[in-house]
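Chain residues, written in single-letter form:
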Amino acid sequence: MALANVAAPTSSPAGEPSAAAVAAASLARAQAEQQAAQKIAALDPKAVTCIAKVVHHEAGNQPRKGQIAVAHVLVNRVKRGFADHVCQVANQRGQFFRLARYKPNRKSAEWAEAVGVARAVLAGAEPDHSKGALFFRATWKPANSFFRSRTKVTRLEDHVFYR
């Protein structure tokens, strides 16, 4: 019998994972983390800034999950053909605010958090808490006819998300 066809045991007799299985899992995790870090480092800085500005302005006072959802709305719009780039989406007339005029304090913790959210969403490292939403509004503002004609998909803190 050839030993090359015999697999190494993946658990000990007591049901504990073998040292080889633990080492392999640890190596796989480290490689995945390294790939994610490389992907984040290779992100388009302009896209990161545009998303970070929208997150900071629209959801800076929200928990991270709500900030992630707002960032995903921009990405979802690109995926659905609203524009070719998140900055084009963010700058569409009547959608958000004038990004070029918005100058957040880039030394603040809030800005750092918004940039982190933008990087993570662009890298695909965060789930879409918006559930595929293409629009959102603040809960304090009553839904106008536009929002009433859309499908509500979720509510996160102070925002309601729609398709």
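Residues numbered from 1 in each chain as written. Predicted model: local features only at pLDDT ≥ 70, side-chain atom pairs only at ≥ 80, totals over all residues. Heavy atoms only, no water.

Trainee: Got a minute to help me understand the packing of aromatic side chains in this structure?
Mentor: Given two aromatic rings, their pairing is described by the distance between the two centres and the angle made by the two planes. For the coordinates displayed, the defined rule picks out seven aromatic pairs. Note on Phe97 and Tyr102: the rings are 5.2 Å apart at their centroids and 70° apart in plane angle, and the pair reads as edge-to-face. Pair check on accessibility: Phe97 and Tyr102 agree, each one buried. Members of the aromatic cluster, joined through ring pairs, are Phe82, Phe135, Phe146, Phe147 and Tyr162. (Phe/Tyr/Trp six-rings, centres within 6.5 Å; stacked < 30°, edge-to-face > 60°. Buried < 20%, exposed > 50% of the residue type's maximum accessible area, 1.4 Å probe, protein only.)

Trainee: What am I meant to see in the environment of Ile68 here?
Mentor: Among the structural elements, Ile68 can be located in helix H3 (residues 64–79). For Ile68, a relative accessible area of 2% translates into the label buried. Residues Ile68 and Ser130, 62 residues apart in the sequence, show an inter-C-alpha distance of 8.0 Å. (Helix = DSSP H or I, 4+ residues; strand = E, 2+ residues; numbered from the N terminus.)

Trainee: Explain the pairing of strand E3 (residues 159–162) to me, please; I cannot follow it from the model alone.
Mentor: A regular strand carries its side chains on alternate faces of the sheet. Burial along E3 is two-sided: the residues His159 and Phe161 and Val160 and Tyr162 are all buried. Sheet topology places strand E1 (residues 135–138) next to E3; four bridges connect them, and they run antiparallel. Considered in E3, the bridge of Phe135 is made with Tyr162. As paired elements, strand E2 (residues 152–156) and E3 share four bridges and run antiparallel to each other. From the neighbouring strand, Leu156 faces E3, where its bridge partner is His159. Where E2 folds back onto E3 in an antiparallel hairpin, the turn is made up of two residues, including Glu157, whose phi is positive at roughly 50°. (Pairing = 2+ DSSP bridges.)

Trainee: Is there a simple way to think about the pattern of salt bridges in this case?
Mentor: For the coordinates displayed, the defined rule picks out two salt bridges. Measuring nitrogen to oxygen at the nearest pair gives 3.3 Å for the salt bridge that ties Arg64 to Glu126. In this pair, Arg64 sits in helix H3 while Glu126 sits in the loop between helix H5 (109–122) and E1, placing the two residues 62 residues apart along the sequence. You can call Arg64 partly exposed: its relative accessible area is 33%. Shared partners join several salt bridges into a network, and the residues in it are Arg64, Glu113 and Glu126. (Salt bridge = Lys/Arg side-chain N within 4 Å of Asp/Glu carboxyl O.)

This is a description of form; function is not addressed.
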